Amino acid sequence: MKANLADLNAFVSVARAGGFRDGARTSGVSASGLSEAVRRLEAQLGVRLLNRTTRSVVPTEAGERLLERLTPALSEVEAAIDVVHGLGKRPAGTLKLNVPVSAARLVLPAIVPRFLAAYPDIRLEVIAEENFVDVLAAGCDAGIRYDERLEQDMIAVPIGPRQQRFALGAAPAYLKRRGRPEHPRDLLNHTCLQGRFPSGATVGWEFERDGEVVKVDVTGPLTVTVGGATDLLVDAAIAGTGIVPLFEDWLRPHFESGALQPVLEPWWQRFAGPYLYYPGRRLVPAPLRAFVDFIKASADKV
């Protein structure tokens, strides 16, 4: 049984919008046109797809199953059309990225301005959050994550620095008052400022030197959610409240200004840099392909 692609698109528009009028606004098809298309599709399939009331339009169980299967399939169709349409033309459209706050602050600033200058017809939307999400389900084209958090069946492209370090910093006034720790276990006697992931897990304090790995369960008066509140940890450390753990690149400006001093630097742990990742089982939209090519070309010049 072959269903009309336009009718399938109409069903998806209405189901996503939760109504025919809202579906009409997003699809560009009139509410009556959408209603007729859905009725035609239901008649062809022999099953009700939407429960309609005067207040709401909600997918039935059959409608939910159809919507679940159609969403990625229609995304593939859109991507295919986008690829063909873009042949011989300058890439255009919207590129939506889901990234951690650290990448938005430390990785993208060196890339985004040059990319947008090279591709003026591309609109870039960046969503910065710490939760690990399904990029497709979130409506994004790609994401940036570190290797240990990449999903299977993803294409991963190195982006940004390939080596990073997790650093510790403290204000000169704090170190003068409390002394400088010489070993990670000395932190048990210090005031430590902590980060917590949105999942509820705290950021672990782990150190390594000459093959020796040390994990320390620290305590302190301030814990913030990693991401938007991270700067509060830095400000508290600069004020002399305690020792802050963070990406070395994030703390470097404060080291250079003297507002903070490195703590336990020989023990700072190295880790691999982040990756741009996107689903491998779909056609790559033109804006994403342009971004991937731009990153690869930039890496070759380094």
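Structure's up top.
To keep things clear, this report deals only with the structure shown in the data block. (Residues numbered from 1 in each chain as written. Predicted model: local features only at pLDDT ≥ 70, side-chain atom pairs only at ≥ 80, totals over all residues. Heavy atoms only, no water.)

Details of the overall build of the protein chain
The helix and strand inventory of the protein chain stands at 10 helices and 15 strands. Going through the 302 residues of the protein chain one by one, you find that 41% of them count as buried. Within the protein chain, counting contacts between residues at least 6 apart in sequence, those at least 24 apart form 74% of the total. Looking at the protein chain as shown, the accessible area adds up to about 16200 Å², and 51% of this sits on carbon and sulfur atoms. (Helix = DSSP H or I, 4+ residues; strand = E, 2+ residues; numbered from the N terminus. Buried < 20%, exposed > 50% of the residue type's maximum accessible area, 1.4 Å probe, protein only. Contact = heavy atoms within 4.5 Å. Areas by Shrake-Rupley, 256 points an atom, 1.4 Å probe, with all protein chains shown as cover.)

Topic: the layout of surface pockets
In this model, the second largest pocket occupies a volume close to 820 Å³. Taken together, 33 residues line the second largest pocket, and the ones lying closest to its centre are F166, F197, V203, G204 and F247. At the level of elements, α5 (101-106), β8 (194-196), β9 (205-209), β10 (212-216), α8 (230-238), β12 (244-247) and β14 (269-272) are the ones that each hand at least two residues to the lining of the second largest pocket. Residues belonging to the lining of the second largest pocket are distributed by class as follows: 18 nonpolar, eight polar and seven charged. (1 Å grid on protein atoms, 1.4 Å probe; cavity = no way out; pocket = protein on both sides within 12 Å on 5 of 7 lines; lining within 4 Å. Points joined across faces, edges and corners; volume = space filled by probe spheres on them. Nonpolar A, V, L, I, M, F, W, Y, C, P; charged D, E, K, R; others polar.)

Description of the pattern of salt bridges
Counting across every chain of the model gives 13 salt bridges. Note that R39 and E36 form a salt bridge whose closest N and O atoms lie 3.1 Å from each other. Highlighted residues: R39 and E36, both in helix α3 (residues 31-45), separated by three residues, approximately one helical turn. Ionic pairing is found between D231 and R105, a salt bridge with its closest N-O pair at 3.1 Å. Within this pair, whereas D231 is found in helix α8, its partner R105 is found in helix α5, the two being separated by 126 residues in sequence. Taken together, the shared-partner salt bridges in this structure form one network comprising R165, E248, D249, R252 and E265. (Salt bridge = Lys/Arg side-chain N within 4 Å of Asp/Glu carboxyl O.)

Describing the packing of α8 against helix α9 (residues 248-257)
Packing of α8 against α9 leaves a shortest axis separation of 12 Å and a crossing angle of 30°. The orientation of α8 relative to α9 falls into the category roughly parallel. Two packed elements cross with a definite hand, and for α8 against α9 that hand is right-handed. Together, T230, D231, V234 and I238 of α8 and W250, L251 and H254 of α9 make up the contact between the two elements. Of the residues that constitute the contact of α8 with α9, the class distribution is four nonpolar, two polar and one charged. (Axes fitted to C-alpha atoms, helices over the stretch in contact; angles between N-to-C directions. Parallel < 35°, antiparallel > 145°, perpendicular 65-115°, else oblique. Left-handed = near helix turned anticlockwise from the far one by under 90°.)

Section: the nonpolar core
Counting residues in each nonpolar core, the largest one holds 33 residues, and the members touching the most others are L168, L187, W205, F207, V244, L251 and L260. Going through the elements one at a time, β7 (163-170), α7 (172-178), β9, β10, α8, β12 and α9 are the ones with two or more residues in this core. Here the element with the most residues in this core is α8; it accounts for four residues. When sequence neighbours within four positions are dropped, the list of residues in contact with L260 reads G169, A170, A171, A237, I238, V244, L251, H254 and F255. Core analysis: the next-biggest nonpolar cluster, separate from the first, contains 24 residues, L95, V107, V284 and L288 among them. (Core = buried A, V, L, I, M, F, W, Y, C linked by side-chain atoms within 4.5 Å.)

Regarding the packing of helix α1 (residues 5-17) against α3
At a closest axis distance of 8 Å, the pairing of α1 and α3 adopts a crossing angle of 115°. By the angle between their axes, α1 is roughly perpendicular relative to α3. Crossing angle aside, the handedness with which α1 passes α3 is left-handed. For the pair formed by α1 and α3, the contact residues are D7, L8, A10, F11 and V14 on the first element and L34, A37, V38, R40 and L41 on the second.

Brief notes about the packing of aromatic side chains
Note on aromatic pairs: each is described by the distance of the centres and the angle between the planes. Across all of its chains, the model carries eight aromatic pairs by this definition. Centroid distance F255 to W268: 6.0 Å. Interplanar angle 15°. Geometry classified as stacked. Remark: W268 occurs in the loop between β13 (261-262) and β14 and F255 occurs in helix α9; sequence separation between them is 13 residues. As far as the burial class goes, F255 and W268 line up, both buried. By way of ring pairs, the aromatic residues F115, Y119, F291 and F294 are connected into one cluster. Geometry around Y275 places R162 over its ring, the cationic atom sitting 4.8 Å from the centre. (Phe/Tyr/Trp six-rings, centres within 6.5 Å; stacked < 30°, edge-to-face > 60°. Lys NZ or Arg CZ within 6 Å of the ring centre and 35° of its normal.)

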